[in-house]
Amino acid sequence: MKDIKCFEQGPIRPPSEAYSLLLRITRNCPWNKCEFCHTYKNTKFSRRPLKDILDEINTISEIKDKITALSMENGYKGEVPLQFIRQIYAGDFTEAERSIGAWLYASAKSVFLQDANSIMLPNNELVAILNLIREKFPKVERITTYGRSKTIAKRKSFEELKELKKASLNRIHIGFESGSDAVLKLINKGTSAKDHIDAGKKIKAASIELSEYYMPGLGGRRLLKEHALESARVLSEINPDFIRLRTLVVLPMMSLFKKIESGEMELANEVEVIKEIRILIENLNECTGRIVSDHMLNLLPELEGPLTDKQRLLDILDRFLSLDEHVQQHFRLGKRAGAYERLDDMNDAETYKKVEAALQNVLSTGPNALDNAIYEIANSFI
Ligand code: SF4
């Protein structure tokens, strides 16, 4: 299968789009100034010609047809089971073919349109892309993309969003980060709380699912409470389908690092961040969506569920917060080292013993050793 050319893919997608076909319809980020974000640093935003994108969808469709035909020939009835995807990865296939094979293996039900703000494309282009996806891949159930609140608030009308919904755009992921104007300014988000509300309400009114990414820790110690309370106020007004948590980690290559070095921002520790999330959830009112904790930087992945059962979510946070300080340290290290996912995992005596030995080792090397060790591990995740 060497005759089909490759197709272009951008660097990131939301965790929930891990099994989606990634289709790059714009390149990089047109804003590219958020101080906690290094994904597109030193790159330039560009729009891809519509013809190239449509050609690419046709190419992907050809690859899909070829893999399906090969599956039939090999007795897999047009499906891509584990055994067949293993053959594809071990055999003489291009990266594009492997990628489409993996998408088919994952059931080929969703498509994510990259990169950071593809919603900014003119509607006629977006509709042409969505229509061709629907025509070529009729089994696709979900098409999603990233969008900036400012772009949607100022440059997309309700009618245009309705048109996108009709053309099968099911969900928009927004980098909400915070509902506090002070925090948004601190990190140079280029968006206001009002933009978040205008964009969010418009998306919901157009019946498109809305996923808002809240960033625990982003206010640092000084703005911790305001970050949580203002975010709760703004998110309560919007009532998004999903509030997704993605905890802040600051790397030296991020501009925010300079603010920490200069003392303009003081990072909150992990326990303070859990308290911040508690303030957020406690103050969300009449939200009917879900809290999702699907990013590996989050300390408590089990903090997931409908906001209609807010008490359950608060109980998870309170369970962690009520632990003895040493046990909190133990869980933090175990979670970051990959030994634990949930608080209940500490019930495994054998694992507990191993993590405790590692913790004693780390603590014996100095007062900040645990925070430093966790920071190093978290760094390796991003
Ligand atoms: S808008 Fe998104 S992709 Fe662009 S700089 Fe900000 S966080 Fe990064």
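Since the structure is predicted, the reported quantities are computational estimates derived from the model, not experimental observations.

Caption draft 1: Region of interest: the packing of helix α14 (residues 349-363) against helix α15 (residues 369-379). In contact at an axis separation of 8 Å, α14 and α15 are set at 115 degrees when each is read in the N-to-C sense. If you check the angle between α14 and α15, you find them roughly perpendicular. The handedness of the crossing between α14 and α15 comes out as right-handed. For the pair formed by α14 and α15, the contact residues are L359, V362 and L363 on the first element and A369, L370 and A373 on the second. In terms of residue class, the contact of α14 with α15 is built from six nonpolar, no polar and no charged.

Caption draft 2: Geometry of the nonpolar core. One finds I281 and L303 to be the most contacted residues of the largest nonpolar core, which totals 84 residues. When residues of this core are assigned to their parent elements, the largest contribution, seven residues, is made by helix α11 (residues 270-282). When residues of this core are assigned to domains, at least three fall in each of domain 1 (15-326) and domain 2 (327-382). Once you skip the residues sitting within four places of it in the chain, I281 turns out to touch I291, L303, L307, K310, L313, L314 and L317. Membership of the second largest hydrophobic core comes to 17 residues, among which are V183, L248, M254 and A378.

Caption draft 3: The pattern of salt bridges, seen in detail. All chains considered together, the criterion is met by 27 salt bridges. The shortest N-O distance in the salt bridge between R24 and E8 comes to 3.1 Å. Pair noted here: R24 is in strand β1 (residues 21-24) and E8 is in the segment before β1, with a separation of 16 residues, a long-range link. Given a relative accessible area of 10%, R24 falls into the buried group. Salt-bridge contacts for E230 lead to R233; the nearest nitrogen and oxygen are separated by 3.0 Å. Taken together, the residues E230 and R233, both in helix α9 (residues 224-238) and three residues apart, mark about one turn of the helix. Its relative accessible area of 38% is what places R233 among the partly exposed residues. The network of salt bridges with shared partners includes E8, R24, R27, R48, E56 and D115.

Reading guide: rules and limits
- Residues numbered from 1 in each chain as written.
- Predicted model: local features only at pLDDT ≥ 70, side-chain atom pairs only at ≥ 80, totals over all residues.
- Heavy atoms only, no water.
- Axes fitted to C-alpha atoms, helices over the stretch in contact; angles between N-to-C directions.
- Helix = DSSP H or I, 4+ residues; strand = E, 2+ residues; numbered from the N terminus.
- Parallel < 35°, antiparallel > 145°, perpendicular 65-115°, else oblique.
- Left-handed = near helix turned anticlockwise from the far one by under 90°.
- Contact = heavy atoms within 4.5 Å.
- Nonpolar A, V, L, I, M, F, W, Y, C, P; charged D, E, K, R; others polar.
- Core = buried A, V, L, I, M, F, W, Y, C linked by side-chain atoms within 4.5 Å.
- Buried < 20%, exposed > 50% of the residue type's maximum accessible area, 1.4 Å probe, protein only.
- Domains from an automatic or database assignment.
- Salt bridge = Lys/Arg side-chain N within 4 Å of Asp/Glu carboxyl O.

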